[in-house]
Amino acid sequence: MPDDHAQPENGSGSTVKGGNHASNATHGQAKAKRCVMQYAAGSASSTDGMTRGFGAMCTFNIAKTEYDALEKLGGKEYENALHALHRKHSQTALNVARNNGGIFVKIGQFIASLEGASGDAIPHEYVEALAELTDKAPAQPFETVNQVVSEDFGSPLEYLVRSVGKDPIAAGSLAQVHVAETHEGAAVAVKLQYPHLRAQAEADLDTFETMAGMLQPGGHDLGWLVRDVRRAIKQELDFGIERQNGEIARAALAHLWPHVCVPRAIAKLCSSRVLTTEFMPNLTRVDDPAALAEQQ
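Reading guide: rules and limits
Residues numbered from 1 in each chain as written. Predicted model: local features only at pLDDT ≥ 70, side-chain atom pairs only at ≥ 80, totals over all residues. Heavy atoms only, no water. Helix = DSSP H or I, 4+ residues; strand = E, 2+ residues; numbered from the N terminus. Buried < 20%, exposed > 50% of the residue type's maximum accessible area, 1.4 Å probe, protein only. Pairing = 2+ DSSP bridges. Salt bridge = Lys/Arg side-chain N within 4 Å of Asp/Glu carboxyl O. Expected span 1.5 Å × (residues − 1). Phe/Tyr/Trp six-rings, centres within 6.5 Å; stacked < 30°, edge-to-face > 60°. Lys NZ or Arg CZ within 6 Å of the ring centre and 35° of its normal.

An unreviewed UniProt entry lists the protein chain under the name ABC1 atypical kinase-like domain-containing protein, with Chrysotila carterae as the source organism.

If you want it as structure tokens, here you go:
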């Protein structure tokens, strides 16, 4: 008698049992292969958390394998090989950060800020290489960041202002800035958060926490770095908090005008992902001591 529970055969003639496990495995392998190909092609900045996490972990594991292989060396040979790997994989880390953007750039910037402050926990080669992210964070096309304006205001930015520059004047880990002119004729700086960033943040931080736990250079736990960023990132992704802090600073420093200027926020063009302020060109940054000294 025929088996009432027999499963149909697949295209290769083999019997598929247990809810198409073989088919699911094949599908999983194919998706993993696509992830690697997408990552290698530079499209890992998509919202596909598996692509981003899998690509970063594969890259990390290659580096970790090379570091682990140094354990058989000793003395000067070990030191030379170690610094050579630091130089090599600090560039790898920079490329991964630039490719993925967002939280990857944020953590890269955080590492770059630790020059002289992390002891031997973070090799100086990484600090130096990732310093590039503090001034040269990758920007996204205007059409991409304009999505957040459409989602938050119901219309793209060019409908809300008289004109807007499509090329950003600055780009950071979480957002980029475009200059626009309001319908009233005022020049404004519009800070646009990268779309999908909030959805990507937790998955990216989980990936970093896993990598930090596996690496532990010199026995140091780097999980603190990810935990610090995780605590800060929630507030940084809410531009309403930044706007509020800016207004507090503006009021507190008003007596120093015109020597100290805090741009005024344009409320009708602000949301939790869009921050619009007066555009004040040719100002000296407070974190540029050389330029400040010239004005003395």
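S.K.: Describe the environment of His83, and please don't skip the residues or the numbers.
M.R.: Residue position: His83 is located in helix 3 (residues 75-100). As a C-alpha pair, His83 and His124 span 41 residues in sequence and 9.6 Å in three-dimensional space.

S.K.: Explain the pairing of strand 3 (residues 175-181) to me, using residue names and the numbers behind them.
M.R.: Where burial is concerned, most of strand 3 is hidden: five out of the seven residues are buried. In the sheet, strand 1 (residues 163-164) pairs with strand 3 via two bridges, with the strands oriented antiparallel. Across the sheet, the residue bridging to Ser163 is Glu181, located in strand 3. Two strands pair when backbone bridges link them, and strand 2 (residues 170-171) and strand 3 are joined in this way by two bridges, in the antiparallel orientation.

S.K.: Quick one: what's the story with the environment of Val127, residue by residue and with numbers?
M.R.: Within the element layout of this structure, Val127 appears in helix 5 (residues 124-130). For Val127, a relative accessible area of 3% corresponds to the buried category. Sequence separation of Val127 and Ser113 is 14 residues, and the distance between their C-alpha atoms is 7.4 Å.

S.K.: Which residues make up the environment of Ala56, and what values go with them?
M.R.: Turning to its location among the elements, Ala56 is positioned in helix 2 (residues 49-68). Here the alpha-carbon distance between Ala56 and Phe104, two residues 48 residues apart in the chain, equals 9.8 Å.

S.K.: Describe the pattern of salt bridges, naming the residues involved and giving the relevant values.
M.R.: Tallying each qualifying case throughout the model produces 15 salt bridges. Two residues, Arg273 and Asp152, come together in a salt bridge whose shortest N-O distance is 2.8 Å. On the criterion of sequence distance, the pair formed by Arg273 in the loop between helix 11 (239-252) and strand 5 (274-278) and Asp152 in helix 7 (residues 142-153) is long-range, its members being 121 residues apart. Two residues, Arg264 and Glu278, come together in a salt bridge whose shortest N-O distance is 3.8 Å. Within this pair, whereas Arg264 is found in the loop between helix 11 and strand 5, its partner Glu278 is found in strand 5, the two being separated by 14 residues in sequence. Using a relative accessible area of 37% as the deciding quantity, one classes Arg264 as partly exposed.

S.K.: An account of helix 10 (residues 223-236) is requested, with residue identities and associated values reported.
M.R.: For helix 10, which comprises 14 residues, the first-to-last C-alpha distance of 20 Å matches the rise-based estimate of 20 Å (1.5 Å per residue) to within 8%. Gly223, Leu225, Val226, Val229 and Ile233 are the residues of helix 10 that are buried.

S.K.: Could you give an account of the packing of aromatic side chains, with specific residues and numbers?
M.R.: Taken as a whole and assessed by the stated rule, the structure comprises one aromatic pair. Ring centres of Phe104 and Phe208 lie 4.8 Å apart, and the angle between their planes is 55°; on these two criteria the pair is classed as tilted. Taken together, the residues span a long stretch of sequence, with Phe104 in helix 4 (residues 103-112) and Phe208 in helix 9 (residues 197-215) at a distance of 104 residues. Overall, the relative accessible area of 16% leaves Phe208 in the buried class. Looking at Lys191, its charged tip hangs above the ring of Phe239, at a distance of 4.9 Å from the centre.

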